[in-house]
Amino acid sequence: MKIVYIVGSLAKESLNRGLAKALVAASPEGVEFVEAPINELPVYNRDFDGDFPKAALDLKAVIESADGVVFITPEHNRMYSAALANALEWSSRPWGSMSLFGKPVATIGTSPSGVGTASAQQHLRTTLAFFNTKIMGQPEGYIDANKAGLTPAGELNEGGRKIIEDFVGAFVDYVKANS
Ligand SMILES: Cc1cc2nc3c(=O)[nH]c(=O)nc-3n(C[C@H](O)[C@H](O)[C@H](O)COP(=O)(O)O)c2cc1C
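**Here we look at the side chain of K103**
Its place among the elements puts K103 in the loop between helix 3 (82-91) and strand 4 (104-111). Salt bridges are absent for the buried K103, whose nearest opposite-charge side chain, D67, sits at 6.7 Å. Looking at K103, its side chain comes within polar contact range of the main-chain oxygen of I63, at 3.4 Å. Excluding anything up to four places from it in sequence, K103 contacts I63, E64, S65, A66, T133 and K134.

Here it is, written out as structure tokens:
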């Protein structure tokens with residue numbers, strides 16, 4: 001099984017990248033986690049539609065090769081990040097070629113607050129539904145970085161590790177049942 005993940009933060013010391021590391025570390029045998037990088041993408045505009053840059057073609061190809069996709073998002077002003085919105089725009093174009101169409105997907109994210117990116121993920125699910133994706137509803141992945149002991153290196157306390165292991169296990173089962 002190939003699970004592609006996208007990290008919605010471009011920051012060097014990103015907690016969400018730490019969360020991605022923790023997810024990869026929790027992946028069971030036989031499951032390959034592959035990142036779809038978004039840091040080289042220019043800002044999308046439709047003038048590119050006839051001639052996509054390599055970074056965008058690569059993004060679309062890796063998403064299309066996935067059995068399932070996990071979105072790891074920060075929360076910016078109660079929304080998912082502009083970097084992630086940009087990647088989603090590239091993935092959805094040119095017209096008629098939504099790379100995420102029909103894929104099993106999950107959302108998770110972290111912020112150093114009790115909100116745990118819940119609002120950002122709710123917005124993200126609205127966009128993902130537009131692509132006809134199959135969105136895992138449970139378990140929810142609203143990770144309070146302080147409570148989970150999460151660091152940008154991907155360290156977690158015991159409680160945090162259990163949440164991440166359960167999340168990864170549930171998504172692997174969900175992808176099996178929905179692909
Ligand atoms: C522009 C901006 C807006 C933010 N808005 C929120 C927010 O709405 N809710 C929240 O919990 N944290 C918010 N934060 C704090 C981020 O969640 C925090 O910086 C987090 O570490 C970002 O994830 P990252 O480390 O992966 O970049 C915001 C941060 C920035 C830079």
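Still more to cover.
**Regarding the packing of helix 2 (residues 54-64) against helix 3**
For any two helices packed against each other, the geometry is given by the interaxial angle and the distance between the axes. Where helix 2 meets helix 3, the axes come as close as 9 Å, and the angle between the chain directions of the two elements is 80°. With respect to helix 3, the element helix 2 is oriented roughly perpendicular. Counted together, A56, L59, K60 and I63 of helix 2 and A87, W90 and S91 of helix 3 form the full contact between these two elements. The residue inventory of the contact of helix 2 with helix 3, partitioned by class, reads 5 nonpolar, 1 polar and 1 charged.

**Regarding the packing of aromatic side chains**
Aromatic ring pairs are described here by two measures, namely the spacing of the ring centres and the angle between the planes. Within the structure shown, the criterion is met by 6 aromatic pairs. With centroids separated by 4.9 Å and ring planes inclined at 90°, the aromatic side chains of F52 and W90 adopt a geometry described as edge-to-face. Of this pair, F52 sits in the loop between strand 2 (32-35) and helix 2 while W90 sits in helix 3, and the two are 38 residues apart along the sequence. Measuring from ring centre to ring centre gives 5.8 Å for F130 and F131, while their planes differ by 50°; the resulting arrangement is tilted. On the basis of relative accessibility, which here comes to 61%, the residue F130 falls in the exposed class. Following the ring pairs from residue to residue traces out a cluster consisting of Y44, F48, F52 and W90.

**Quick notes on the site of the ligand**
Inspection of the region around the ligand gives 13 residues, with S9, S14, N16, N77 and R78 positioned closest. Separating a nitrogen atom of the ligand from a side-chain N or O atom of E75 is a distance of 2.9 Å. At a separation of 3.3 Å, an oxygen atom of the ligand approaches a polar side-chain atom of S113. In isolation the ligand has 620 Å² of accessible area, and contact with the protein removes 66% of it. Within the shell around the ligand, the residues separate by chemical class into 4 nonpolar, 7 polar and 2 charged.

**Brief notes about helix 6 (residues 158-178)**
Helix length check: helix 6, at 21 residues, gives a terminal C-alpha distance of 30 Å against a target of 30 Å (1.5 Å per residue), a fit within 8%. Buried within helix 6 are the following residues: G160, I164, F167, V168, F171, V172 and V175. The buried residues of helix 6 all sit within an arc of 130° when viewed along its axis, so they share a single face. Residues of helix 6 that are exposed and point more than 90 degrees away from the buried face comprise E158, K176 and A177.

What counts, and at which threshold
- Residues numbered from 1 in each chain as written.
- Predicted model: local features only at pLDDT ≥ 70, side-chain atom pairs only at ≥ 80, totals over all residues.
- Heavy atoms only, no water.
- Helix = DSSP H or I, 4+ residues; strand = E, 2+ residues; numbered from the N terminus.
- Buried < 20%, exposed > 50% of the residue type's maximum accessible area, 1.4 Å probe, protein only.
- Lys, Arg positive; Asp, Glu negative; His and termini not counted.
- Salt bridge = Lys/Arg side-chain N within 4 Å of Asp/Glu carboxyl O.
- Polar contact = N/O pair within 3.5 Å; in protein donor to acceptor, adjacent residues only side chain to side chain.
- Contact = heavy atoms within 4.5 Å.
- Axes fitted to C-alpha atoms, helices over the stretch in contact; angles between N-to-C directions.
- Parallel < 35°, antiparallel > 145°, perpendicular 65-115°, else oblique.
- Nonpolar A, V, L, I, M, F, W, Y, C, P; charged D, E, K, R; others polar.
- Phe/Tyr/Trp six-rings, centres within 6.5 Å; stacked < 30°, edge-to-face > 60°.
- Near = heavy atom within 4 Å.
- Areas by Shrake-Rupley, 256 points an atom, 1.4 Å probe, with all protein chains shown as cover.
- Expected span 1.5 Å × (residues − 1).
- Arc of directions from axis to C-beta.

Just distances and angles here, no functional claims.
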